[in-house]
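Working through the structure, step by step
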Amino acid sequence: MSDFLRWLGDIGHRATRTLDWPLLLALLALMSVGLAVMRSAGGDGLVIAQGSRFAVGLAAMWLLSRVPVPRLRAWTPLIYGLSMLPLLAVFVLGTGKYGRQWLDLKVFYLQPAELLKISLPMMAAWYLHRVPLPPRIPAVLATAVIIGVPTTLIMLQPDFGTGVLIAASGVFVLLLAGLPWWWVGVAVAGVAAVAPVAWFWLLKPYQKDRILMFLDPESDALGAGWNIIQSKIAIGSGGFDGKGWGLGSQSHLNFIPEQTTDFAFSVLSEEFGWIGVATVLALYLVVIARCLWIAAQSRDTYSRLLAGATGLAFFVYVLVNGGMISGLLPVVGVPMPLISYGGTSAVSLLASLGLVMAVREYRPVHGY
């Protein structure tokens, strides 16, 4: 009997040795909170659907955590190239509310832009791993092309919010590689310079409405400003300890649109209050800090850039959705990680964290 138990324990150890338990436990806690929010805001059907997506994402995370980093690095250009194919296909076969952002695969809907959240930082890290650091102007320009091509395609769908987040993940790779911050200042100044042109020629009417409502939501309280106003009411009414699970009036009386997706965190704020929000933010902090710690412990450039950029990108996802639902940022359709309903985003996020676990497991002798 003892030999059998020892054999089972050995199998379990080999199966789970690549998992980073602090990171995994924080993710499991966040997923549990997300399912509780889905149950309250959308019912059992959404819980089952989201739970199945979490299961697929966890399987992808486990599989990727077991892939040696040298193999991941060697496969990176192929992964990047393959991820661009559905991004191009969406212009022909895609569907969506405001454009073409999704591919209907009959079994499920795929959002190709989410795949770039994995492949773009991998590709930027792969390229910068091969050049002297800090990067010089030719390397920066080459990395800008790696970032700019898929970002432009995503913007043309149009999906401004996802495009900005994916571009940010690539920029984080550059910054971690030693890019001087004055480059960021130049880029921000350039964006500000072309903003008037973008307003009149590039932005769609619904995108302009989102910016105007961010500046003054009360100007159209029953129209375009409704989402932000109702979200802020939900957050404020939650108080210190919330109204209780399933007792949120803003969500259950359908005052909050998109209550299971973009504004799911508003539901959590109303029902669990400041305590619930602080707990979830603490769990997010654990995930981000763990990614950055793994990056700091990495011994090769590719691993360090990939793990660090993944953690910082995760931080931006949380920051943008939190700012959006509280009226501090324009509404750009960015979900809250593992809290909002969404299949492709949840799977891609968990898969990217599987790469971080693979980095933790990798310990090269000479840093190459």
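Residues numbered from 1 in each chain as written. Predicted model: local features only at pLDDT ≥ 70, side-chain atom pairs only at ≥ 80, totals over all residues. Heavy atoms only, no water.

A closer look at the overall build of the protein
- A count of helical and extended segments in the protein gives 14 helices and two strands.
- Classification of the 368 residues of the protein by burial places 47% in the buried group.
- For the protein, the share of sequence-separated contacts (at least 6 apart) that also reach a separation of at least 24 residues comes to 72%.
- If you sum the accessible surface of the protein, you get close to 17400 Å²; carbon and sulfur atoms cover 70% of it. (Helix = DSSP H or I, 4+ residues; strand = E, 2+ residues; numbered from the N terminus. Buried < 20%, exposed > 50% of the residue type's maximum accessible area, 1.4 Å probe, protein only. Contact = heavy atoms within 4.5 Å. Areas by Shrake-Rupley, 256 points an atom, 1.4 Å probe, with all protein chains shown as cover.)

What to know about unusual backbone geometry
- Here the residue pair Leu133 and Pro134 is connected by a cis peptide bond, since its omega of 0° sits within 30 degrees of zero.
- In this structure, Pro134 sits in the loop between helix 5 (112–129) and helix 6 (137–155).
- In this model, Leu338 sits at a positive phi of 65°, which is unusual for a non-glycine residue.
- By the element assignment, Leu338 lies in the loop between helix 13 (301–325) and helix 14 (343–361).
- The exposure class assigned to Leu338 is buried, which follows from its relative accessible area of 3%.

Considering the layout of surface pockets
- In this structure, the second largest pocket occupies an estimated 210 Å³ of space.
- As for the second largest pocket, its lining consists of Leu64, Leu72, Ile79, Ser83, Leu115, Ile118, Ser119, Met122, Ala351 and Leu355.
- The leading source of residues in the lining of the second largest pocket is helix 5, at four residues.
- Residue classes in the lining of the second largest pocket are distributed as eight nonpolar, two polar and no charged. (1 Å grid on protein atoms, 1.4 Å probe; cavity = no way out; pocket = protein on both sides within 12 Å on 5 of 7 lines; lining within 4 Å. Points joined across faces, edges and corners; volume = space filled by probe spheres on them. Nonpolar A, V, L, I, M, F, W, Y, C, P; charged D, E, K, R; others polar.)

Things to note about empty space enclosed by the protein
- Counted by the stated rule, this structure contains one cavity of 30 Å³ or more.
- Approximately 220 Å³ is the volume found for the largest cavity.
- Per-class residue counts for the lining of the largest cavity are 16 nonpolar, seven polar and two charged.

Some details on the packing of helix 12 (residues 264–297) against helix 14
- Relative to each other, helix 12 and helix 14 sit at 40°, their axes nearing to 9 Å. As summarised for this structure, helix 12 and helix 14 are arranged oblique, according to the angle between their axes. The hand of the helix 12/helix 14 crossing is left-handed. For the pair helix 12 and helix 14, contact is made by Val287, Arg290, Cys291 and Ile294 and by Leu353, Val356, Val359 and Arg360, respectively.
- Split by residue class, the contact of helix 12 with helix 14 holds six nonpolar, no polar and two charged. (Axes fitted to C-alpha atoms, helices over the stretch in contact; angles between N-to-C directions. Parallel < 35°, antiparallel > 145°, perpendicular 65-115°, else oblique. Left-handed = near helix turned anticlockwise from the far one by under 90°.)

A look at helix 6
- Compared with an ideal rise of 1.5 Å per residue, which puts 19 residues at 27 Å, helix 6 spans 25 Å between its outermost C-alpha atoms and is within 8% of the ideal.
- Roughly 25° is the biggest bend found in helix 6, and it falls at Gly148, with proline Pro150 one to four residues downstream.
- Inspection of helix 6 places Ala139, Val140, Thr143, Ile146, Ile147, Pro150, Thr151, Leu153 and Ile154 among the buried residues, and these make up the whole buried set. (Expected span 1.5 Å × (residues − 1). Bend = angle between axes of the 7 residues up to and from the residue.)

Focus: the side chain of Thr151
- Among the structural elements, Thr151 can be located in helix 6.
- Filtering out sequence-adjacent residues up to four positions away, Thr151 remains in contact with Gly163, Ile166 and Ala167.

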